[in-house]
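Each chain is listed here by its residues.
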Amino acid sequence: MGFATSQQLARYYELYQNIDVTFTKEVIKATGLMTQQVYIKALGGQWPCVINSASLSGAKIIAGVKSGIYEKIQQGTTQVSLRFSFMDQDKSEPMSFFVGAKVLGVNQYAGSSELVIISIAYTQRAPDDLIEILGMLLEANVNSAKRREERITLNPDSMRKIGILQKETVIFIQGIPRRCILRDLSFSGAKVILVGIAPFLIDKEIVLRIDFDEPRVAVGVKGKIVRTEDVEGRKDLVALALMYHETEVPMAYKMHINNFLSLQKKTQLAESAKPAEKAKSAESAKPAEGSKPTEGTKPTEGSKPAATAKPADSGASSTGAK
């Protein structure tokens, strides 16, 4: 982590400050939340808890009625700290931090007499690491709808930036594994090439396996074959256009695609800004309007050259002398 600029963090905070992220198994895996290292702290003690959901302004946690934190709250304690812990791919140690908060309320969790859900609001701005993690996840969800049709052609450069290990992968067609080659990807679908006969493949249900790096994870994306195309010069091969089932696209997949598209957008903005910067630099280098460049020892316009003194006659005396 730590790749977001201060401008990005400010944008994430402004856009997503009050949007809750529910920590399902999929979200836990995508964010790298280390559930065994999450605690709530109060009055010098700390107790394990489960994060049910979190935003950039507060969280809801699940705790047992027999836990010490519930007892403290019952006694009137409202000031607490929530400890987050995430896996950090760049370091051997997890990324952990406390966020100061106050208790807003306590309710039974899902009708259980053994568990309660505690709502808290942060008393300080969320740490940059939390803003980055939740901001990236929420942005990926938004862009998966806004930019769903943007295609990414897979080549060595795009594969490296997305984090795809190899083009060769496996597609399960009606549950049967078939080897294939990835050609392009988007939020909403993909195109693959394999050995097959087009009429027998159209409209079939599929699961496409994709191996990502950083973090290393294999995802299976469910979808359907919506179109087939011929592969030029190869009668034994067919290109399949896949459309994913929108509600079943893994969060990890969305985040990798979003990271690439965001990086691509930054690069395009930087490239488009270069001509303007060059033009501005050239403009500032021009002399002021109406001025003339200085040419060595030429006199300024309108002035007369100073008279040149004649050398004194070597035989003459000073003035008044005879």
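For the structure itself, consult the block above.
The present account deals with the structure reproduced in this document. (Residues numbered from 1 in each chain as written. Predicted model: local features only at pLDDT ≥ 70, side-chain atom pairs only at ≥ 80, totals over all residues. Heavy atoms only, no water.)

## Regarding the side chain of Asp211
- Locating Asp211 in the fold gives a position in strand β13 (residues 205-212).
- A polar side-chain atom of Asp211 sits 3.1 Å from a polar atom in the side chain of Arg209.
- Apart from residues lying up to four places away in sequence, Asp211 is in contact with Gly163, Ile164, Leu165, Val217 and Ala218. (Helix = DSSP H or I, 4+ residues; strand = E, 2+ residues; numbered from the N terminus. Polar contact = N/O pair within 3.5 Å; in protein donor to acceptor, adjacent residues only side chain to side chain. Contact = heavy atoms within 4.5 Å.)

## A closer look at the packing of aromatic side chains
- Considering all chains together, one arrives at six aromatic pairs under this definition.
- Grouping aromatic residues by their ring pairs yields a cluster made of Phe84, Phe86 and Phe97.
- Looking at Lys41, its charged tip hangs above the ring of Phe98, at a distance of 5.2 Å from the centre.
- Positioned over the ring face of Tyr13 is Arg125, at 4.5 Å from the centre of the ring. (Phe/Tyr/Trp six-rings, centres within 6.5 Å; stacked < 30°, edge-to-face > 60°. Lys NZ or Arg CZ within 6 Å of the ring centre and 35° of its normal.)

## Some words on the pattern of salt bridges
- Evaluated as defined, the whole model comprises eleven salt bridges.
- With a shortest N-O distance of 2.9 Å, Asp236 and Arg234 are connected by a salt bridge.
- One connected set of salt bridges, linked through shared partners, spans Asp157, Arg160 and Lys161. (Salt bridge = Lys/Arg side-chain N within 4 Å of Asp/Glu carboxyl O.)

## Overview of the sheet that holds strand β8 (residues 115-122)
- The strand order across the open sheet built from eight strands is β1-β4-β5-β8-β7-β6-β2-β3, with neighbouring strands paired in antiparallel fashion. Two strands in the sheet have a free side with no partner beyond their single neighbour: β1 (21-22) and β3 (45-48).
- Inspection of the sheet shows strand β7 (residues 95-108) paired to β8 by seven bridges, in the antiparallel sense. Looking at the pairing, Gln108 lines up with Val116 of β8.
- Packing against the sheet, helix α4 (residues 128-146) makes contact with β1, β4 (50-54), β6 (79-86), β7 and β8, and its axis sits at approximately 70° to β7. (Pairing = 2+ DSSP bridges. Axes fitted to C-alpha atoms, helices over the stretch in contact; angles between N-to-C directions.)

## Structural notes on the side chain of Arg147
- Structurally, Arg147 can be placed in the loop between α4 and β9 (152-153).
- When sequence neighbours within four positions are dropped, the list of residues in contact with Arg147 reads Phe187, Leu261, Ser262 and Lys265.

## A closer look at the nonpolar core
- Within the largest apolar cluster, 47 residues are counted, with the highest numbers of intra-cluster contacts made by Ile69, Phe84, Ile118 and Tyr122.
- With eight residues, the top contributor of residues to this core is α4.
- Excluding anything up to four places from it in sequence, Tyr122 contacts Ala54, Ser55, Leu56, Ser57, Gly58, Ala59, Phe84, Val99, Gly100, Ala101 and Leu130.
- Counting residues in each nonpolar core, the second largest holds 33 residues, with Ile171, Phe212, Ile225 and Tyr253 among its members. (Core = buried A, V, L, I, M, F, W, Y, C linked by side-chain atoms within 4.5 Å. Buried < 20%, exposed > 50% of the residue type's maximum accessible area, 1.4 Å probe, protein only.)

## A word on unusual backbone geometry
- Residues other than glycine seldom take positive phi values, yet Ala110 does so here, at roughly 50°.
- The residue Ala110 is located in the loop between β7 and β8 in this model.
- Of the residues examined, Ala110 reaches a relative accessible area of 72% and is grouped as exposed.
- Of note, the phi angle at Gln174 is positive, near 55°, even though the residue is not glycine.
- Summarising the element assignment, Gln174 is placed in the loop between β10 (168-173) and β11 (176-185).

Function cannot be inferred from these measures alone, as they are strictly geometric.
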